[in-house]
Amino acid sequence: MTRVRVTAPRQAARTAPGKPLDAGEDSDAGQVFIRSLVRSQLRLALVVGCGFLLILAAFATLLLFGPGVAETRVFGIPLDWLLLGAGIYPVIGLSAWLFTRAAARNEARYRDLVEDK
C-alpha cells in the first residue's frame, strides 16, 4: 500500500471585501466598542441567569411550602414530580431562546457601530 500526500499551495488568509478588520486593534474607539460589547453580553448573561434562578426558586418554594402539592396527582403522577419534570424544561428553553436572540441583537449593534466608524 502506497501513501499519497495531497497538499495545496499555501495562501495568505484574506479578509472578505467590505469586511472590517478587528476593531479592537484599530484604535482606542475600537477598544471601547469591544469593551462595550463584552459588558452588554455579561449584563445579558447575568440578567437571564438571575431570572432563571428566581423562577427555579419559585418552583422550589411552591413545591416545598405549597399546601397539598405532594399529595395532588395528575394522571397518577404526583404534581411535584410533574412540575419539576415537565414544567421546568419550557422555562429552560425559553431562557435559552431569549438569551440567544438578545445576544445576536447585541452583536448586530456592535457590527453596525464598527461599520459606521
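What you see is a predicted model; the values in this text were computed from it and never measured.

Caption draft 1: Fine view of helix α2 (residues 28-65). Taking 1.5 Å of rise per residue, 38 residues should cover 56 Å, and α2 covers 54 Å from first to last C-alpha, within 8% of that figure. Residues of α2 that are buried: G30, F33, L37, S40, Q41, L44, F59 and L63.

Caption draft 2: Quick peek at helix α3 (residues 79-116). In this model α3 runs 55 Å from its N-terminal to its C-terminal C-alpha over 38 residues, within 8% of the 56 Å that 1.5 Å per residue would give. For α3, the principal kink sits at G87 and spans about 30°; a proline, P90, occurs within the next four residues. When α3 is considered as a whole, its buried residues turn out to be D80, I88, V91, S95, A102, A103, N106, Y110 and V114.

Caption draft 3: Examining the side chain of S95 more closely. Among the structural elements, S95 can be located in helix α3. Aside from chain neighbours lying at most four places away, what touches S95 is V48 and F52.

Caption draft 4: A look at the packing of α2 against α3. Two elements in contact, α2 and α3, have axes whose closest approach is 10 Å; the angle formed by their N-to-C orientations is 170°. Relative to α3, the element α2 lies roughly antiparallel. Of the two possible hands of crossing, α2 and α3 adopt the one that is right-handed. Taken together, the residues of the contact of α2 with α3 break down into 23 nonpolar, 5 polar and 2 charged.

Cut-offs applied
Residues numbered from 1 in each chain as written. Predicted model: local features only at pLDDT ≥ 70, side-chain atom pairs only at ≥ 80, totals over all residues. Heavy atoms only, no water. Helix = DSSP H or I, 4+ residues; strand = E, 2+ residues; numbered from the N terminus. Expected span 1.5 Å × (residues − 1). Buried < 20%, exposed > 50% of the residue type's maximum accessible area, 1.4 Å probe, protein only. Bend = angle between axes of the 7 residues up to and from the residue. Contact = heavy atoms within 4.5 Å. Axes fitted to C-alpha atoms, helices over the stretch in contact; angles between N-to-C directions. Parallel < 35°, antiparallel > 145°, perpendicular 65-115°, else oblique. Left-handed = near helix turned anticlockwise from the far one by under 90°. Nonpolar A, V, L, I, M, F, W, Y, C, P; charged D, E, K, R; others polar.

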